[in-house]
Amino acid sequence: MSAETARHDAKTLRHQQPRFRGLEAGHRACQGCGEALAARLVTEAAGPDVMVANATGCLEVFTTPWPQSAWRLPWIHSVFGNAAAVAAGMEAALKQQGRRTRVLAFAGDGGTFDIGFQALSGMMERGHDVLFVCFDNEAYMNTGVQRSGSTPHAAMTNTSPPGTARMGKRHMKKDILAILAAHRIPYAATASVAYPSDLRKKVRRAMDTGGPVFLQVHSPCPLGWGHDSDLTVQVARLAVQTGLFPLVEMERGELIGTLPIREVRPVTDYLRLQQRFRHLFAGDFRAEKELEHLQAIADRNIERFELRGGGKERYDTEGADTVHRGGDRWA
Amino acid sequence: MALPLEGSQALARTVALCRPQVVSAYPITPQTHIVEGIARLVADGRLECEMVSVESEHSAASVALGAAAAGSRAYTASASQGILLMSEVLFDIAGMRVPLVMTCANRAVSAPLSIWNDHQDAMAVRDAGWIQLYCASNQEAVDTTVQAFRIAEHCSLPVMVCVDGFTLTHTLEPLELPDQDQVDAYLPAYRFAHGLNPAEPRSLGTLVSPDHFTEARLGHHGALQRALGAIEAADADWAAVSGRGCGGLLEVRGDPQARTGILVMGSVLGTLEDAMDADPKGRRVRFLKLRSFRPFPAEALRQACQGLDTLIVLDRALSPGSGGIVGPEVKAALMDMAEPPRVHNLAAGLGGRDLPLDLYGRLLEAVEGADGPLPFTLIDADPTQLPEADRPDAPLMQEAP
């Protein structure tokens, strides 16, 4: 069978599907939604014996327009700020019942960095056996693109618009991973939809580690970031390759691993694809200054995490992004 | 056998008898002794449960919600600011029809800060969709707590057991606690039909369009109305098991033949009953002890008001800019009577102001000879503490400043 035939053979394609999908097709996410892709990858890797507590946000809205639901998992949404606490309650119940079902908490960056932060910190401090996944699309997308604690410096949102007196968001993106790591939790990592195998590996590692664990998944939002919907993976990859979104793993607050960058790209390669950074390409003095700031942030990440690879790493960025489905490689 | 127990300690032991699997709470006066008592029972191995001491009331309610949804009997307790902080979760719990029980150690709400008793906290979440049962004594609080788990799980509705802060929670008195066997016989194992289960995955708390929201609310409203029967039945069944009832939805006490009635919720009833017995003028009234505020027992209320000329509704909270809260609801329910009593709505005892024995005489004297309903009055207020512009007799503001 030629490669060409195989690509169009439904039976083979089905065989290549993972054994379990927690989030089915047919939901109502936008074209190219990074969060939908991330949620599918996370739930595939986590397997069927889990329960999910979901914060309010796009993921909740586009998956469960009643009476439909795209979830094949027991799933509960309560309010915006309490995904971690609801998950903690579920975990306490399962523990008391002696059941082995695992608990996941899903939230966007608003439900993680901002309104859900206190509940998240409390859940981590108390040591519940919960994997908290933050689908980080760097603004309040569900309400129509407003700035959050995760929005990068200088990005345009509808509450951080650029103008004659402003150049987008004035503040820095909150270093949520460092804050979570400071809880000395067993495992905390960043991942990206551009690196699915790396993402799945981290989900499995988190769940194997157990205890309160955290995963921050960089998930582009074509609508909010202003890029073409077929560029989601490319944009996400450039965030990693520029050093603006480093992929790192921490255990008990200590750095244990990074995904090195084979060829470091200038931040402008990443920024120019997105309308939210359009004002940084006006060519004037203010724009140049902001570009310098963003390049400095990326440079600092690369230095701090020693991300500059030599070009021959086993886990170089181009090689690690191949999609392999079925889970055999990570057994 | 009656034991000398502080109200909170009795509640802690009663909750333990109900075998909760997850208890979650955040400290707030005057709820603390209840949760401390439960923590000690857990620490001593006398109660096997996950005790989750959270970082806020918002999370306390959320943990209880998650636990109940995942198939465990859950309990929490709070008061005042805590009730307000968890209020969005309270609405959510009720809307999802998740059965769990909370004790509200009723307390005033800031500002100004007051840690003392009134009913403002529970009234603020009146429309959250919870069952609200008010306790007139610590014995009722004990018995109502057991009943609350049964009502919640039978009706798939959360139940708030309202217990006057300090007046009940911190008062030591002889109390009958049920036996474990009695509670076990009365309370079936926890079951939540819509719970989370990987073998039968279900989505809870979804988004609904305008095509379905009204129906969801209608279902919730109907469930609360049908709970009227369940509350009465639960009380009757508990009376059969323990020998103690709490008066169902609404209890008529005092002199059932009296033409003047006083309607109250909570512990002020005992004070007024004692005052009536000791009244030097020998005045007798019909007391209406409203136990179920949500669902509101309109029909039972009309029955209880038959033959009354005058009904005084004593509120323990205030809707600023309107007046009482229980009062208008009672008036609305009595509108349908052929010969409704004249209803006077008064309030007293806000922010822990003492409710002394002479309140009885003052209430009766305030309405005596009135030829129409009195305007709403805070009967124990002292307006002279206020600047003149803030006093009730200050002139109206005629124009915007």
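An unreviewed UniProt entry lists chain B under the name Pyruvate ferredoxin oxidoreductase alpha subunit, with Ectothiorhodospira mobilis given as the organism.

Chain A is annotated in an unreviewed UniProt entry as Pyruvate ferredoxin oxidoreductase, beta subunit from Ectothiorhodospira mobilis.

Novice: Any chance you could explain the overall build of chain A here in plain terms?
Specialist: Each helix and strand counted, chain A has 14 helices and 8 strands in total. Here chain A holds 331 residues, and 57% of them are scored as buried. The contacts in chain A between residues at least 6 apart in sequence include a share of 71% that link residues at least 24 apart. Approximately 13,900 Å² of chain A is accessible, and the part contributed by carbon and sulfur atoms is 50%.

Novice: Sorry, what's going on with the overall build of chain B here?
Specialist: Helix and strand counts for chain B stand at 13 helices and 16 strands. Whereas a compact globule of 401 residues would reach a radius of gyration of roughly 21 Å, chain B reaches 21 Å, a difference of no more than 12%. Looking at chain B residue by residue over its 401 residues, the buried ones come to 55%. When the accessible surface of chain B is split by element, carbon and sulfur atoms take 53% of a total near 16,500 Å². Side-chain charges of chain B comprise 30 positive and 50 negative groups, with the mean position of each set lying 3 Å from the other.

Novice: Mind showing me how you'd approach the sheet that holds strand S7 (residues 159-164) of chain B here?
Specialist: As a general point, the strands of a sheet are linked pairwise by backbone hydrogen bonds and lie either parallel or antiparallel. All names here are of chain B. If you trace the 7 strands from one edge of the open sheet to the other, you get S3-S2-S4-S5-S7-S6-S13, paired in mixed fashion. Strands with a single pairing partner mark the edges of an open sheet, and in this sheet they are strand S3 (50-53) and strand S13 (292-294). Put simply, the sheet's adjacent strands are angled 20 degrees from each other on average, direction ignored. Pairing geometry for strand S2 (residues 22-25) and S3, over 4 bridges, is parallel. Along S3, the bridge assignment pairs serine 24 with valine 52.

Novice: Is there a simple way to explain the interface of chain A and chain B in this structure?
Specialist: Many structure descriptions define interface size as the accessible area lost when the parts assemble. Chain A puts 39 residues into the contact, and the matching count from chain B is 37 residues. For the pair chain A and chain B, the summed buried surface comes to about 2,800 Å²; carbon and sulfur atoms form 60% of the total. For the pair chain A and chain B, the interface holds 2 salt bridges. Here glutamate 50 of chain B and lysine 95 of chain A are joined by a salt bridge, their closest N and O atoms 3.9 Å apart. Counting every contact that joins chain A to chain B gives 16 residue pairs in polar contact (both at pLDDT 80 or more). If you list the elements that add at least two residues to the side of chain A that touches chain B, you get strand S1 (50-54), helix H4 (58-63), strand S2 (75-77), helix H5 (83-97) and helix H7 (117-126) of chain A. Sorting elements by how many residues they give to the side of chain A that touches chain B places H5 of chain A first, with 10 residues. Its residues placed into classes, the side of chain A that touches chain B shows 20 nonpolar, 13 polar and 6 charged.

Novice: Hey, could you run me through the domain arrangement of chain B in this one?
Specialist: Residue and element names in this part refer to chain B. With domains assigned, chain B is organised as domain 1 (2-180 + 218-242) and domain 2 (250-382). Its C-alpha centre places domain 1 at a distance of 26 Å from the equivalent point of domain 2. Of the roughly 2,000 Å² buried between domain 1 and domain 2, counting both surfaces, carbon and sulfur atoms make up 55%. The largest per-residue losses of area from domain 1 upon contact with domain 2 belong to Met123, Arg126 and Tyr134, which jointly make up 26% of the total buried on that side.

Novice: What exactly am I supposed to notice about helix H3 (residues 57-69) of chain B here?
Specialist: Side chains three or four residues apart in an α-helix point the same way, a direct result of the helix having 3.6 residues per turn. Residue and element names in this part refer to chain B. In this model, H3 (13 residues) spans 18 Å end to end at C-alpha, consistent with the 18 Å of a helix rising 1.5 Å per residue. Burial analysis of H3 places 13 of its 13 residues in the buried class, which makes it a mostly covered element. Two or three places before histidine 58, at the opening of H3, serine 56 has a side-chain oxygen 3.2 Å from that residue's backbone nitrogen. Of the residues one or two after H3, glycine 71 is the one with positive phi, at around 100 degrees.

Novice: What should I look at first to understand the sheet that holds strand S4 (residues 130-136) of chain A in this one?
Specialist: Ordered in space as S8(A)-S7(A)-S5(A)-S6(A)-S4(A)-S3(A)-S1(A)-S2(A)-S9(B), the 9 strands form an open sheet in which the pairing is mixed. Two strands bound the open sheet, and with one partner strand each, they are strand S8 (254-258) of chain A together with strand S9 (203-204) of chain B. Judged from the 4 bridges that link them, strand S7 (residues 248-251) of chain A and S8 of chain A form a sheet pairing that is antiparallel. Looking at S8 of chain A, one finds that glutamate 249 of chain A is bridged to glycine 257 of chain A.

Novice: Got a minute to help me understand the nonpolar core in this structure?
Specialist: Nonpolar side chains in soluble globular proteins generally cluster together in the buried interior. Counting 139 residues, the largest nonpolar core has Ile76, Phe132 and Phe214 of chain A together with Leu90, Leu301 and Leu311 of chain B as its most contacted members. In terms of residue count, the dominant contributor to this core is H5 of chain A (10 residues). Each of two domains, domain 1 (2-180 + 218-242) and domain 2 (250-382) of chain B, supplies a minimum of three residues to this core. Leucine 301 of chain B has contacts with Leu250, Leu263, Leu288, Phe296, Val330, Ala333 and Leu334 of chain B, leaving out every residue within four places of it along the chain. Core analysis: the second largest hydrophobic core is formed by 64 residues, Phe20, Phe106, Ala239 and Tyr270 of chain A among them.

Novice: Whenever I open this one, the packing of helix H1 (residues 7-17) of chain B against helix H2 (residues 32-43) of chain B confuses me. Can you help?
Specialist: Two quantities define a packed helix pair, namely the angle between the axes and the distance from one axis to the other. All names here are of chain B. The geometry of H1 relative to H2 is characterised by a closest axis approach of 8 Å and an angle of 50 degrees between their N-to-C directions. On the basis of the axis angle, H1 is oblique to H2. The element H1 and its partner H2 pack so that their crossing is right-handed. Taking contact as the criterion, the partners of Ser8, Gln9, Leu11, Ala12, Arg13, Val15 and Ala16 in H1 are, on H2, His33, Ile34, Gly37, Ile38, Arg40 and Leu41. When the residues that make up the contact of H1 with H2 are grouped by side-chain class, the tally is 7 nonpolar, 4 polar and 2 charged.

Novice: How should I be thinking about the confidence of the model for chain B in this particular structure?
Specialist: Low pLDDT means the predicted coordinates in that region are not meant to be read closely. Across chain B, pLDDT averages 97, with 100% of residues at or above 70. Confidence estimates for the predicted assembly give a pTM of 0.94 and an ipTM of 0.96.

Novice: Please explain the packing of aromatic side chains as it appears in this structure.
Specialist: Given two aromatic rings, one states the distance between the centres and the angle between the planes to describe the pair. Taken as a whole and judged by the stated rule, the model has 11 aromatic pairs over all chains. Every member of this aromatic cluster is reached through a ring pair, and the members are Trp71, Trp75, Phe106 and Phe135 of chain A. Sitting over the face of the ring of tryptophan 225 of chain A, arginine 276 of chain A holds its NZ or CZ atom 3.9 Å from the ring centroid. Directly above the aromatic system of tyrosine 186 of chain B lies the positively charged group of arginine 150 of chain B, at a separation of 4.2 Å from the ring centroid.

Novice: Help me understand the side chain of histidine 218 of chain A in this model?
Specialist: Residue and element names in this part refer to chain A. Inspection of the secondary structure assignment puts histidine 218 in strand S6 (residues 213-218). Histidine 218 gets classed as buried once you look at its relative accessible area, which sits at 1%. Ignoring anything within four residues of it in the chain, the contact list for histidine 218 reads Asp136, Glu138, Ala191, Ser192, Val193, Trp225, Ala239, Phe245 and Tyr270.

Novice: What is the right way to read the UniProt feature "domain: Thiamine pyrophosphate enzyme TPP-binding" (unreviewed entry) in chain A from this model?
Specialist: Within the UniProt annotation, "domain: Thiamine pyrophosphate enzyme TPP-binding" (unreviewed entry) is assigned to residues 56-217 of chain A. Note that residues 56-217 of chain A is 35% helix and 17% strand, and that its end C-alpha atoms are spaced 17 Å apart.

Novice: Help me understand the environment of histidine 128 of chain A, please; the structure alone is not making it clear to me.
Specialist: All names here are of chain A. Positionally, histidine 128 belongs in the loop between H7 and S4. The spatial distance from the C-alpha of histidine 128 to the C-alpha of methionine 90 is 9.7 Å, given a sequence separation of 38 residues. At a separation of 3.0 Å, a polar atom in the side chain of histidine 128 contacts the side chain of arginine 126.

Thresholds applied
- Residues numbered from 1 in each chain as written.
- Chains lettered and ligands numbered in written order.
- Predicted model: local features only at pLDDT ≥ 70, side-chain atom pairs only at ≥ 80, totals over all residues.
- Heavy atoms only, no water.
- Helix = DSSP H or I, 4+ residues; strand = E, 2+ residues; numbered from the N terminus.
- Buried < 20%, exposed > 50% of the residue type's maximum accessible area, 1.4 Å probe, protein only.
- Contact = heavy atoms within 4.5 Å.
- Areas by Shrake-Rupley, 256 points an atom, 1.4 Å probe, with all protein chains shown as cover.
- Rg over C-alpha atoms; globule rule 2.2 N^0.38 Å.
- Lys, Arg positive; Asp, Glu negative; His and termini not counted.
- Charge placed at Lys NZ, Arg CZ, Asp CG, Glu CD.
- Pairing = 2+ DSSP bridges.
- Axes fitted to C-alpha atoms, helices over the stretch in contact; angles between N-to-C directions.
- Buried area = accessible area lost by both parts, 1.4 Å probe.
- Salt bridge = Lys/Arg side-chain N within 4 Å of Asp/Glu carboxyl O.
- Polar contact = N/O pair within 3.5 Å; in protein donor to acceptor, adjacent residues only side chain to side chain.
- Nonpolar A, V, L, I, M, F, W, Y, C, P; charged D, E, K, R; others polar.
- Domains from an automatic or database assignment.
- Expected span 1.5 Å × (residues − 1).
- Core = buried A, V, L, I, M, F, W, Y, C linked by side-chain atoms within 4.5 Å.
- Parallel < 35°, antiparallel > 145°, perpendicular 65-115°, else oblique.
- Left-handed = near helix turned anticlockwise from the far one by under 90°.
- pLDDT = per-residue confidence, 0-100.
- Phe/Tyr/Trp six-rings, centres within 6.5 Å; stacked < 30°, edge-to-face > 60°.
- Lys NZ or Arg CZ within 6 Å of the ring centre and 35° of its normal.
- UniProt positions renumbered as here; feature names shortened; annotations may be inferred.

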